[in-house]
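Residues per chain are reported as follows:
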Amino acid sequence: MLKKEKDLKAEIRRMCKEKDAIILAHYYTVGDIQEIADFVGDSLALARKAAETDAKVMVMCGVHFMAETCKLLSPEKTVLCPDLNAGCSLADSCKAEDLKKFKDEHPGYQVVSYVNTTAAVKALTDVVVTSGNAKKVIDQLPQDAKLIFGPDYNLGNYINEVTGRQMLLWNGGCHVHERFSVTKILELKQQYPDAVVMAHLECKAPVLAIADVKGSTATMLKYAQQSDEKQFIVATEAGILHEMQRTCPDKLFIPVPPEISESGLECSCNECQYMKMNTLEKVYDCLMTESPQIEIDPEIAKEAVKPIERMLELS
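So, a few notes on the structure that sits alongside this text.

1. Quick word on the overall build of the protein
Reasoning step 1: Scanning the protein from N- to C-terminus turns up 15 helices and 12 strands.
Reasoning step 2: Taken over the C-alpha trace, the protein has a radius of gyration of 19 Å; the compact-globule value for 315 residues is 20 Å, and the two agree within 12%.
Reasoning step 3: Here the C-alpha coordinates of the protein stretch approximately 60 × 55 × 35 Å along the principal axes.
Reasoning step 4: Per-residue burial over the protein gives 53% buried out of 315 residues.
Reasoning step 5: Restricting the contact set of the protein to residue pairs at least 6 apart, pairs at least 24 apart contribute 63%.
Reasoning step 6: Counting only carbon and sulfur atoms, one obtains 50% of the accessible surface of the protein, whose full area is about 14,100 Å².

2. A short note on helix H14 (residues 280–289)
Reasoning step 1: All of the buried residues along H14 are Leu280, Val283, Cys286 and Leu287. Angularly, the buried residues of H14 cover 135° about the axis, an arc narrow enough to put them on a single face.
Reasoning step 2: Among the residues trailing H14, Glu290 stands out with phi positive, at a value near 55°.

3. Structural notes on the packing of helix H4 (residues 64–73) against helix H15 (residues 298–314)
Reasoning step 1: Between H4 and H15, the least distance of the axes is 10 Å, while the angle of their chain directions is 95°. Looking at the two axes, H4 sits roughly perpendicular to H15. Contacts between H4 and H15 involve Thr69, Leu72 and Leu73 from the former and Ala301, Ala304, Val305 and Ile308 from the latter.
Reasoning step 2: Classifying every residue of the contact of H4 with H15 gives 6 nonpolar, 1 polar and no charged.

4. Some thoughts on unusual backbone geometry
Reasoning step 1: Cis rather than trans, the peptide bond between Gly150 and Pro151 has omega equal to -5°.
Reasoning step 2: Within the secondary structure, Pro151 sits in the loop between strand S7 (147–150) and helix H9 (153–163).
Reasoning step 3: At the junction of Ser291 and Pro292, the peptide bond is cis and its omega measures out at 0° in the coordinates.
Reasoning step 4: Backbone geometry places Asp20, a non-glycine residue, at a positive phi of 55°.
Reasoning step 5: Relative to the elements of secondary structure, Asp20 occurs in the loop between helix H1 (3–19) and strand S1 (21–26).
Reasoning step 6: Exposure remark for Asp20: the relative accessible area of 31% places this residue in the partly exposed category.

5. Here's the deal with the packing of helix H12 (residues 217–226) against helix H13 (residues 240–247)
Angle between the axes and distance between the axes are the two parameters that describe a pair of packed helices.
Reasoning step 1: Here H12 crosses H13 at 25°, and the two axes come no closer than 10 Å. As judged from the angle between their axes, H12 and H13 are roughly parallel. Read as a crossing pair, H12 and H13 show a hand that is right-handed. Taking contact as the criterion, the partners of Thr217, Met220, Leu221 and Gln225 in H12 are, on H13, Ile240, Glu243, Met244 and Thr247.

6. Focus on empty space enclosed by the protein
Reasoning step 1: Evaluation of the coordinates by the stated rule reveals 1 cavity of 30 Å³ or more.
Reasoning step 2: Taken as a whole, the largest cavity spans an internal volume of roughly 40 Å³.
Reasoning step 3: If you list the elements that add at least two residues to the lining of the largest cavity, you get strand S5 (110–114) and S7.
Reasoning step 4: In the lining of the largest cavity, the residues fall into 9 nonpolar, 2 polar and no charged.

7. A few points about the pattern of salt bridges
Should the charged atoms of two oppositely charged side chains come close, the side chains can pair.
Reasoning step 1: This structure, assessed with the given rule, holds 14 salt bridges.
Reasoning step 2: Through salt bridges that share partners, Lys9, Asp32 and Glu35 make up one connected network.

8. Quick word on the layout of surface pockets
Gaps between atoms show up when a probe of the same size as a water molecule is rolled over them.
Reasoning step 1: Of the voids in this model, the largest pocket is the one considered here, and its volume is about 590 Å³.
Reasoning step 2: Asp42, Ser43, Leu44, Val115 and Ser131 are the residues nearest the centre of the largest pocket, which is lined by 39 residues in total.
Reasoning step 3: Contributing elements (two or more residues each) for the lining of the largest pocket: helix H3 (43–52), H4, helix H5 (89–92), H12 and H15.
Reasoning step 4: A per-element tally of the lining of the largest pocket places H3 first, with 6 residues.
Reasoning step 5: Partitioned by chemical class, the residues of the lining of the largest pocket number 17 nonpolar, 15 polar and 7 charged.

9. What about a negative patch on the surface?
Reasoning step 1: Taken together, the side chains of Asp194, Asp212, Asp228 and Glu229 define an acidic patch exposed on the protein surface.
Reasoning step 2: Within the secondary structure layout, Asp194 lies in the loop between helix H10 (182–191) and strand S9 (196–200).
Reasoning step 3: Judged by its relative accessible area of 61%, Asp194 falls in the exposed class.

10. Points about the sheet that holds S9
Reasoning step 1: Taken in spatial order, the 4 strands make up an open sheet running S10-S9-S11-S12, and their pairing is parallel. Each having just a single partner strand, strand S10 (213–215) and strand S12 (252–255) make up the two edges of the open sheet. Between one strand axis and the next, the sheet turns by 20° as a mean value, whatever way the strands run.
Reasoning step 2: As paired strands, S9 and S10 are joined by 3 bridges and run parallel to one another.

The rules we used
Residues numbered from 1 in each chain as written. Predicted model: local features only at pLDDT ≥ 70, side-chain atom pairs only at ≥ 80, totals over all residues. Heavy atoms only, no water. Helix = DSSP H or I, 4+ residues; strand = E, 2+ residues; numbered from the N terminus. Rg over C-alpha atoms; globule rule 2.2 N^0.38 Å. Buried < 20%, exposed > 50% of the residue type's maximum accessible area, 1.4 Å probe, protein only. Contact = heavy atoms within 4.5 Å. Areas by Shrake-Rupley, 256 points an atom, 1.4 Å probe, with all protein chains shown as cover. Arc of directions from axis to C-beta. Axes fitted to C-alpha atoms, helices over the stretch in contact; angles between N-to-C directions. Parallel < 35°, antiparallel > 145°, perpendicular 65-115°, else oblique. Nonpolar A, V, L, I, M, F, W, Y, C, P; charged D, E, K, R; others polar. Left-handed = near helix turned anticlockwise from the far one by under 90°. 1 Å grid on protein atoms, 1.4 Å probe; cavity = no way out; pocket = protein on both sides within 12 Å on 5 of 7 lines; lining within 4 Å. Points joined across faces, edges and corners; volume = space filled by probe spheres on them. Salt bridge = Lys/Arg side-chain N within 4 Å of Asp/Glu carboxyl O. Patch = residues over 30% accessible without salt bridge, like charges linked within 9 Å, V, L, I, M, F, W, Y side chains within 5 Å. Lys, Arg positive; Asp, Glu negative; His and termini not counted. Charge placed at Lys NZ, Arg CZ, Asp CG, Glu CD. Pairing = 2+ DSSP bridges.

See the structure below:
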């Protein structure tokens, strides 16, 4: 490790103690960020964990909507986002004004929104779900309920299949998980015939169809930790491999490359460029200046927290 990195990490931890701050890191951030974090996990789990602490300041190392969710659950705390430009292709695929128009065109429908959405979209939502609890939450809604599910089409399609529902699906997707293909997985399976194939529910149906383990990032991590198997082919953002390898040092984790990378060149893993915008330098700077801070319009926040609370009741 470079001396600069060591110094940055030490300074970041010093400022956390000085400012009563905690660092939250999503599984998809780079290893250096995960190593300095107080908590590493999925977006909603991080927001809930932060809300339980006494810390006055939280630095959300992930993407913008995750920082918003932290602010919704901890409105009295200072929430910092290392880079406001760290967006999310999935959240961006469903704008609040477009969802409102769609709702108006479908009176009598309830909106079920994936947690990967902006606060403004959550404010138009009846209940929020995660990839880990979507089936459980939707199973508890009346069978005759008319439902709109968004923005992730692949997750909604999977939930329709396993619940027998016929939810109207928003046509959105994650640019990372959309790039996985059956062909690449089968090529890896030939190289590693004994490997367990794990795929995130944001992947396309053909990819999920050949996966041995289907679920959220946390579901895949837990399976790897508890399984006796030694090799895993992993179809989700490659950042999770850091935590998988850290907690399972005796096991092999093989990232599935994208069918075609954004640069058009072959690469060995599939990464979210937005998650990778979180760097040690940016974490240091935002702690030093206590900016940029996340602020949410009070009226939007008032409505946006309701579907999260309903999800917690149902799950």
